[in-house]
Amino acid sequence: MTLFTRVQEWLDERFHWAELIKPLRKKTVPVHTRSYWYFLGGITLFLFMVQVCTGILLLLYYRSGANEAFESVQYIMTRVQFGWLIRSIHFWAANLMILTAFAHMFSVVFLRAYRRPRELTWVSGMLLLFLAMGFGFSGYLLPWNTLAFFATKVGTEITGQVPVVGHSLMIFLRGGEDVTGATLTRFFGFHVAVLPGLTTLLILVHLALVQYFGMSVPPSVETRWSASPAEARQMKFFPNFLLRELMAWYIALGVLGALSAIRPWELGAKADPFAPAPAGIRPEWYFMFMFQTLKKIPARVWFLDGEVIGILVFGAAAILWLLLPFFDQGGRGRGRKFITGAGVFALTYIIAMTVYGYMAK
Amino acid sequence: MDTWRNNGLRFALALPLFMVLCSVVRAQTQNTCLDCHSALDPPLQVTEERFAQDIHSQKGLTCASCHGGDSTSADLDAMSKAAGFRGKIERKQIPELCGRCHSDAAFMRQYNPSLRTDQLAQYKTSVHGRRLAQGDYEVAVCIDCHGVHDLRPASDTRSKVNPLNIAETCSRCHSNADYMKGYNIPTDQFAKYATSVHHEAMTVRGDRSAPTCTTCHGNHGAAPPGVGAVQNVCSTCHAFQAQMYEKSSHKDAFQAASLPGCVVCHSNHGIQYPTDAKLGTGQEAVCVQCHSPGDACDQARAKMLSDLTSLDEAIKNADKVLGIAEASGMEVSQARLEQDQARDELTKARVTIHSFQTDLVEQDIQAGLKITAMTHAEGKAALVERNRRRMGLGFSLGAILIVLVGLRLYIRQIEAKAR
């Protein structure tokens with residue numbers, strides 16, 4: 001009897017392990033020409049786990065506070081064994097995680113995987129994407145360098161433009177009227193306690209929903225399989241799909257390692273609140289389409305403030321996008337065409353405005 | 001009813017009286033000279049718009065304050081001798097006229113307590129003032145530099161005596177070869193100054209503390225600095241260089257030969273950014289113009305040049321290595337900061353050159369070389385670390401590839417078994 005079998009039996013005696021993992025053994029994944037899109041959610045989860053691990057390691061040396069943050073990150077980058085690698089992996093994994101989360105979201109839109117009964121899976125996924133962007137916004141400030149300081153200043157200023165609650169929200173985020181050490185402490189708190197807690201909870205909900213409803217099959221494939229059930233193909237989740245997912249994780253790890261070793265993330269200069277803002281202040285790439293749009297809206301539109309209009313439009317779009325499954329009534333109706341059109345428009349707009357933002361001076 | 005009637009009568013009588021009073025008050029504050037002079041042709045033309053720009057006008061002075069007469073009266077009698085009218089002020093009278101107020105500390109205190117009141121006294125000591133006293137009315141008087149009728153304070157960038165404009169103001173006469181004929185002085189000062197490092201600092205970098213004509217020659221007491229005083233003038237800004245020069249053997253030697261200190265090597269109006277080539281033997285070289293090749297001083301020159309060059313090259317080499325490391329994503333900001341210290345040592349050595357003592361220069365050079373040796377080593381270490389990382393990446397990617405191949409084969413195996 002191998003050690004593994006003995007451990008398995010030991011667990012089974014106490015927790016009925018075999019019963020517990022029975023659903024996993026029975027779980028299957030549909031196999032069709034678009035099955036590869038199923039890997040994106042798993043890769044995003046893997047990158048989140050990398051974030052948790054590297055984040056904990058960074059916490060061993062990082063000190064929040066305007067007088068210590070920059071120096072502690074500098075220490076991590078130059079003196080701590082493999083500190084540069086951990087920080088760079090943390091940075092690149094964050095960016096790749098948001099990229100794969102966006103790709104996952106659009107794949108769900110175009111394959112209509114959000115449709116009944118998976119509305120809440122979509123809503124929980126969207127909330128996770130918002131949280132991931134919150135992670136990015138709060139984490140960007142933590143090294144307390146010039147670029148991060150002024151980008152946070154601009155970002156929180158935009159929050160201040162939200163009608164009615166904007167100013168209070170800005171004060172809450174900044175911990176005062178200006179971006180100071182108090183803002184850094186708050187952002188650190190959000191980044192390492194509030195957001196991870198909420199995200200872990202939502203990931204569990206998201207995974208439970210995916211587990212409960214199973215993998216969605218694209219409508220065209222579903223129709224074909226209904227007409228000819230013999231064509232329907234399934235793959236066992238464990239171990240067949242999981243091993244393939246593991247391969248995807250390894251590839252992601254390779255990309256992550258290569259990016260971190262070849263392009264370790266630079267530290268820049270320490271933030272100086274009294275220095276003038278340097279030219280070319282830009283947010284992280286995933287906020288660029290919003291930033292560029294707000295920049296291009298005229299200061300006054302009719303009698304309204306242009307920036308306020310922009311914020312209201314983005315806010316309304318985010319709410320509508322969150323409620324997307326509820327506009328799809330199934331079948332081949334108008335709602336479906338409208339959602340596909342909106343998805344194409346959103347993707348094109350995000351890419352175009354991001355590229356424009358980076359190319360514009 | 002009677003009360004109403006009485007009040008109405010009183011109002012009817014009071015109104016014309018009030019209007020007369022108003023017209024009198026208006027006439028007293030009015031500068032009626034401009035009514036005519038606005039319409040005249042130059043040089044008698046002074047428009048209201050132009051005079052409103054004048055600091056004197058803004059402080060409440062009128063034409064009569066300088067020209068006499070009665071500026072409140074529209075009659076021609078206002079320009080009579082009886083009314084104290086002086087007419088056009090003769091050039092020789094201008095400094096004294098301006099001095100009536102500007103040399104009166106008590107009077108000037110009402111308007112600008114911090115303004116000096118020794119301009120006239122200084123002017124009398126200047127070349128301009130002395131020549132004017134001798135009857136040369138072509139020389140500059142107050143209005144030639146400050147303007148007239150639209151005179152602005154020196155702090156105003158539109159003023160002719162604002163630091164940004166002084167050189168051009170002086171050049172209006174001093175660069176005019178015809179005008180300067182007979183004075184026997186060069187007229188290329190402004191042309192040379194326009195190519196100088198001082199002019200660049202003033203106009204390109206906007207450094208208003210950079211030297212312009214008046215910084216070295218004085219303003220109201222303008223005169224060329226004497227041969228022995230040149231280093232005193234330059235030392236107002238270049239203090240360390242002057243201290244070194246004061247203790248050097250050149251000071252006495254230059255004085256004995258009536259050579260004008262700093263100007264001997266750096267020139268005066270057309271001062272260029274000094275390069276180490278001044279210590280060389282090429283076109284820019286200055287030492288070899290006096291010293292013979294191979295003598296003790298020439299050997300000292302060669303030693304100082306070689307020292308400066310070695311530190312300059314060491315800094316560039318370290319910069320290059322650090323640049324490569326930085327471009328590869330290595331963190332070398334500390335070494336970059338140390339490089340700035342090495343650059344400071346090089347600057348210090350270039351200042352110490354003015355002592356013309358090789359041992360002092362070498363001290364600064366050695367301090368700089370010590371730093372560059374360290375930063376160069378830090379850069380090299382960063383490159384070694386970069387290569388180590390890339391090698392580590394290669395091994396990791398190899399290991400990942402092996403695992404991927406293994407996984408793929410394993411999947412194929414279990415799926416073949418299942419079939």
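Keep in mind that what you see is a predicted model, and the values were worked out from it rather than measured.

A word on the overall build of chain A. Scanning chain A from terminus to terminus reveals 15 helices and 4 strands. Taking all 361 residues of chain A together, 30% fall into the buried category. For chain A, the proportion of contacts with a sequence separation of at least 24, taken over those separated by at least 6, is 76%.

To continue, consider helix α9 (residues 166–174) of chain A. Given 3.6 residues to a turn, an α-helix orients residues that are three or four positions apart in the same direction. Residues and elements named next belong to chain A. For α9, the set of buried residues is M170, L173 and R174. Each buried residue of α9 lies within a common arc of 90° when the element is viewed along its axis, so the set occupies one face. Opposite the packed face of α9, turned more than 90 degrees from it, sit the exposed residues S168 and F172. Of the surrounding elements, those touching the buried residues of α9 are α8 (146–160) and α10 (181–213). Once α9 ends, the next one or two residues include G175, with phi positive near 75°.

Counting all residues, the mean pLDDT for chain B is 89, and 93% of those residues have values of 70 or more. Note on residues 15–28 of chain B: pLDDT under 50 across the span, and 2 contacts to partners over four residues away in sequence or across chains.

All names here are of chain A. Here helix α6 (residues 83–110) crosses helix α12 (residues 237–262) at 125°, and the two axes come no closer than 9 Å. With respect to α12, the element α6 is oriented oblique. Note on packing geometry: the crossing formed by α6 with α12 is right-handed. Between α6 and α12, the contacting residues are L85, S88, I89, W92, A93 and L96 on the first element and L256, L259 and S260 on the second.

On to the interface of chain A and chain B. Tallying the contact residues gives 19 residues for chain A and 17 residues for chain B. Among the elements of the structure, α5 (69–78) and α12 of chain A are those that each provide at least two residues to the side of chain A that touches chain B. Among the elements that make up the side of chain A that touches chain B, the one with the highest residue count is α12(A) (12 residues). Looking at side-chain class alone, the side of chain A that touches chain B contains 12 nonpolar, 4 polar and 3 charged residues.

Moving on, we come to helix α17 (residues 239–247) of chain B. Residues and elements named next belong to chain B. The set of residues buried in α17 consists of Q241, M244 and Y245. Taken end-on, α17 shows its buried residues confined to a sector of 100°, consistent with a single buried face. Within α17, the exposed residues directed more than 90 degrees away from the buried face are A239 and F240. Residues of α17 that are buried in the fold lie against α16 (230–235), α18 (249–256) and α21 (333–352).

For the rest of this paragraph, the subject is the environment of B:Y245. Residues and elements named next belong to chain B. Along the polypeptide, Y245 turns up in helix α17. Residue Y245 is classed as buried on the basis of its 21 C-beta neighbours within 10 Å. With 17 residues separating them along the chain, Y245 and C262 place their C-alpha atoms 8.8 Å apart. Filtering out sequence-adjacent residues up to four positions away, Y245 remains in contact with Q231, H250, K251 and H354.

With that out of the way, let us pick up unusual backbone geometry. In this structure, the amide linkage connecting A:F238 to the following residue, A:P239, adopts the cis form with an omega of 5°. Note the cis peptide between B:P42 and B:P43, where omega equals 10°. Turning to its location among the elements, B:P43 is positioned in the loop between α2 (33–37) and α3 (48–52). A positive phi is found at A:F82, a non-glycine position, where the angle reads about 60°.

All names here are of chain A. Following both chains from N to C, one finds helix α7 (residues 119–141) and α8 inclined at 135°, their axes separated by 8 Å at the closest point. By the angle between their directions, the pair α7 and α8 is classed as oblique. Counting all contacts with α7, which are made through F137, Y140 and L141, the residues of α8 involved are A148, A151, T152 and G155. For the contact of α7 with α8, the class distribution of residues is 5 nonpolar, 2 polar and no charged.

This part takes up the nonpolar core. The biggest cluster of nonpolar side chains holds 64 residues, and the ones touching the most others in it are A:L47, A:A93, A:M97 and A:W144. Sorting elements by how many residues they give to this core places α6(A) first, with 15 residues. Excluding residues that lie within four positions of it along the chain, A:L47 makes contacts with A:A93, A:L96, A:M97, A:T100 and A:A252. If you look at the next biggest cluster of nonpolar residues, it comprises 22 residues, including B:I315, B:L322, B:A335 and B:A382.

Calculation rules
Residues numbered from 1 in each chain as written. Chains lettered and ligands numbered in written order. Predicted model: local features only at pLDDT ≥ 70, side-chain atom pairs only at ≥ 80, totals over all residues. Helix = DSSP H or I, 4+ residues; strand = E, 2+ residues; numbered from the N terminus. Buried ≥ 20, exposed ≤ 12 C-beta atoms within 10 Å, placed from the backbone. Contact = placed C-beta atoms within 7 Å. Arc of directions from axis to C-beta. pLDDT = per-residue confidence, 0-100. Axes fitted to C-alpha atoms, helices over the stretch in contact; angles between N-to-C directions. Parallel < 35°, antiparallel > 145°, perpendicular 65-115°, else oblique. Left-handed = near helix turned anticlockwise from the far one by under 90°. Nonpolar A, V, L, I, M, F, W, Y, C, P; charged D, E, K, R; others polar. Core = buried A, V, L, I, M, F, W, Y, C linked by C-beta atoms within 7 Å.

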